[in-house]
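Chain residues, written in single-letter form:
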Amino acid sequence: MSVLFISGIDTDIGKTYATGMLAKELMKQSINVITQKLVQTGVAINPDNGEMNIADDIIIHRQLMGIALQPYDLDFTTCPYRYQKPASPHLSAQLAGHTLDPEVITNATQSLQVDYEVVLLEGAGGLLVPITEALLTLDYIATQGYPVILVTSGRLGSINHTLLSLEAITSRGLDVHSVIYNHIHDSAAQTDEQIATSTIDFLQNYLAQNYPDTHWLQLPMQDDLYETVFDLPTTFIKSLKIR
Ligand SMILES: Nc1ncnc2c1ncn2[C@@H]1O[C@H](COP(=O)(O)OP(=O)(O)OP(=O)(O)O)[C@@H](O)[C@H]1O
Ligand SMILES: C[C@H](N)[C@H](N)CCCCCC(=O)O
Ligand SMILES: [Mg+2]
């Protein structure tokens with residue numbers, strides 16, 4: 001059924017948190033949802049068997065969803081490609097002497113779609129991160145036609161990165177399904193509260209004028225992984241067209 005691609009304006013912007021919390025909220029609405037990670041870098045090797053561990057982001061998704069690791073996690077369907085070096089996937093794969101085959105990812109997504117109503121597929125870094133020497137993340141999304149959920153924040157520089165990302169998505173003929181504003185950088189210690197508030201206002205107005213069908217969501221800081229509420233409008237649920 002539905003696949004939504006979760007990207008962001010950069011690495012460390014909160015895609016994993018947004019993906020896990022979104023999945024948790026969809027579960028609350030009785031929607032059968034699973035998350036997937038396009039490719040994970042920075043993965044440790046299991047000393048017991050010498051194999052790459054399950055992707056870190058998948059483990060955090062499950063913690064945020066409040067569920068155990070699933071059979072599709074244990075057999076690595078939710079993240080077939082995992083590499084040790086915490087770098088761009090094209091470099092991490094190259095250092096591992098490996099070439100990522102996008103078809104393997106597509107087949108994994110299709111397997112998940114058989115058993116789940118919604119697949120939330122999280123990217124690595126931002127939209128133009130190369131997953132091979134020849135293929136950018138956005139190239140892959142465009143071949144699949146997935147709607148994109150873009151995660152941003154109030155960090156100084158975010159307005160420019162958000163608008164560039166929106167233009168890139170649109171230029172490939174893809175839908176900007178949602179923009180999720182993550183409150184992680186709002187505090188005075190991270191940025192400047194006035195800048196964060198102004199960024200929210202600017203982005204909301206920009207979307208209303210230029211992307212009227214795009215959902216605007218706000219992700220609070222998660223002090224307690226299992227308790228925080230992330231409200232989804234009913235229009236968001238309807239857009240999934242699953243029932
Ligand atoms: N809403 C939030 N509440 C609390 N902590 C957060 C929140 N969003 C992000 N963080 C913190 O910021 C860090 C980076 O966030 P996250 O791992 O979600 O980034 P990412 O965009 O998924 O990065 P990557 O490109 O590596 O997948 C996390 O380790 C987490 O500690
Ligand atoms: C290791 C890190 N946390 C991410 N998963 C990978 C980020 C790749 C960014 C590449 C780039 O934009 O230069
Ligand atoms: Mg992540």
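The structure contained in this document is the topic of the report that follows. Since this is a predicted model, take the numbers as computed values, not measurements. (Residues numbered from 1 in each chain as written. Chains lettered and ligands numbered in written order. Predicted model: local features only at pLDDT ≥ 70, side-chain atom pairs only at ≥ 80, totals over all residues. Heavy atoms only, no water.)

Before going further, it helps to spend a moment on the overall build of the chain. Secondary structure assignment for the chain yields nine helices and eight strands. Over its C-alpha trace the chain gives a radius of gyration of 17 Å, about what one expects of a compact globule, namely 18 Å for 243 residues. On the principal axes, the C-alpha backbone points of the chain span a range of 50 × 35 × 35 Å. When each of the 243 residues of the chain is scored for burial, the buried share is 52%. Within the chain, counting contacts between residues at least 6 apart in sequence, those at least 24 apart form 75% of the total. By element, 51% of the accessible surface of the chain is carried by carbon and sulfur atoms, the whole surface being about 11100 Å². (Helix = DSSP H or I, 4+ residues; strand = E, 2+ residues; numbered from the N terminus. Rg over C-alpha atoms; globule rule 2.2 N^0.38 Å. Buried < 20%, exposed > 50% of the residue type's maximum accessible area, 1.4 Å probe, protein only. Contact = heavy atoms within 4.5 Å. Areas by Shrake-Rupley, 256 points an atom, 1.4 Å probe, with all protein chains shown as cover.)

Taken together, Thr11, Thr41, Pro86, Ala87, Ser88 and Val129 are the residues near ligand 2. Interatomic distance of 3.5 Å between a side-chain N/O atom of Thr11 and a nitrogen atom of ligand 2. The class makeup of the residues in the shell around ligand 2 is three nonpolar, three polar and no charged. (Near = heavy atom within 4 Å. Polar contact = N/O pair within 3.5 Å; in protein donor to acceptor, adjacent residues only side chain to side chain. Nonpolar A, V, L, I, M, F, W, Y, C, P; charged D, E, K, R; others polar.)

Further remarks concern the site of ligand 1. Taken together, 17 residues are adjacent to ligand 1, and Thr11, Lys15, Thr16, Asn182 and Gln222 come closest. Take Asp12: an N or O atom from its main chain is 3.0 Å from an oxygen atom of ligand 1. Note that an oxygen atom of ligand 1 is positioned 3.1 Å from one of the backbone N or O atoms of Ile13. Relative to its unbound accessible area of 620 Å², ligand 1 is 77% covered by the protein chains. Here the element with the most residues in the shell around ligand 1 is helix 1 (residues 15-28); it accounts for three residues.

What follows covers unusual backbone geometry. A positive phi is found at Phe76, a non-glycine position, where the angle reads about 70 degrees. When you line up the elements, Phe76 lands in the loop between helix 3 (71-74) and strand 4 (82-83). A positive phi angle, near 50 degrees, is found at Lys241, a position not held by glycine. Residue position: Lys241 is located in the segment after helix 9 (234-239). With a relative accessible area of 71%, Lys241 lands in the exposed category.

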